[in-house]
Amino acid sequence: MSVVTYIGMGSNLGDSRQILQYAVQRLKDLGQVQVSRLYQSPPMGPQDQPHYYNAAAQLITSLEPLDLLDQLQRIEQEAGRVRLRRWGERTLDLDLLIYAEQDIQNQRLTVPHLGLLERDFVIVPLLDIDADLIVKGQTLKDLELVKHPSLTVVADRNWVEK
């Protein structure tokens with residue numbers, strides 16, 4: 001049985017746009033994919049690092065949550081993931097944000113993703129894909145942070161090479 005999931009994507013090391021394109025192509029091996037526009041946003045952690053490129057993907061997949069997490073981590077590794085410090089620079093970050101309407105909490109995975117409702121660089125791309133998305137009873141488009149986001153559009157939804 002297939003479920004609708006949402007993946008947050010970020011990069012600020014290397015050729016971020018190309019790395020995110022690679023990630024989307026690899027996600028297509030796991031199911032049907034739809035992507036948001038591509039954004040750039042200031043870093044959430046230490047400010048002495050490059051701005052991030054961010055996007056979101058809707059993935060319709062038959063993978064179970066932990067199997068999907070394993071695949072996301074494998075894609076990160078294949079892309080040469082480098083993470084230098086907490087909240088710091090990274091080559092590729094893939095976060096399982098939403099898995100169907102499930103609440104999941106275990107050692108390896110928390111879904112909906114912690115902090116999702118406080119991060120405009122996650123919410124705004126999600127709204128590109130589903131303008132009526134609701135998480136934990138909260139309609140995302142009604143969140144205050146959506147009214148004054150800190151991110152800018154870098155490319156339309158056609159940023160992923162076919």
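Residues numbered from 1 in each chain as written. Predicted model: local features only at pLDDT ≥ 70, side-chain atom pairs only at ≥ 80, totals over all residues. Heavy atoms only, no water.

### Topic: the UniProt feature "domain: 7,8-dihydro-6-hydroxymethylpterin-pyrophosphokinase" (unreviewed entry) in the protein
Then, number 1: The positions that UniProt labels "domain: 7,8-dihydro-6-hydroxymethylpterin-pyrophosphokinase" (unreviewed entry) are, in the present scheme, residues 86–97.
Then, number 2: As annotated, residues 86–97 has a helix share of 0% and a strand share of 42%, and its two end C-alpha atoms lie 19 Å apart. (UniProt positions renumbered as here; feature names shortened; annotations may be inferred. Helix = DSSP H or I, 4+ residues; strand = E, 2+ residues; numbered from the N terminus.)

### As for the nonpolar core
Then, number 1: Formed by 29 residues in total, the largest nonpolar core has its most connected members in Ile7, Met9, Leu27, Leu68, Leu92, Leu94 and Trp159.
Then, number 2: The biggest single contributor to this core is helix H1 (residues 16–27), with five residues.
Then, number 3: Ignoring anything within four residues of it in the chain, the contact list for isoleucine 7 reads Ala55, Ala56, Ala57, Leu59, Leu68, Leu72, Leu94, Asp95, Leu96 and Leu97.
Then, number 4: Of all hydrophobic cores here, the second largest spans 18 residues; its members include Leu97, Leu116, Leu127 and Ile129. (Core = buried A, V, L, I, M, F, W, Y, C linked by side-chain atoms within 4.5 Å. Buried < 20%, exposed > 50% of the residue type's maximum accessible area, 1.4 Å probe, protein only. Contact = heavy atoms within 4.5 Å.)

### What to know about the pairing of strand S5 (residues 93–99)
If a strand is regular, its side chains alternate between the two faces of the sheet.
Then, number 1: Burial of S5 is extensive: six of the seven residues sit out of reach of the surface.
Then, number 2: Sheet topology places strand S1 (residues 3–11) next to S5; six bridges connect them, and they run antiparallel. Following the sheet pairing, glycine 10 is matched in S5 by aspartate 93. (Pairing = 2+ DSSP bridges.)

### Things to note about helix H2 (residues 65–78)
Then, number 1: With 14 residues, H2 should cover 20 Å at 1.5 Å per step; its first-to-last C-alpha distance of 20 Å lies within 8% of that length.
Then, number 2: The inward-facing, buried residues of H2 abut S1, H1, strand S4 (52–61), S5 and strand S6 (104–105).
Then, number 3: A positive backbone phi angle near 80° is found at glycine 80, which sits one or two residues after H2. (Expected span 1.5 Å × (residues − 1).)

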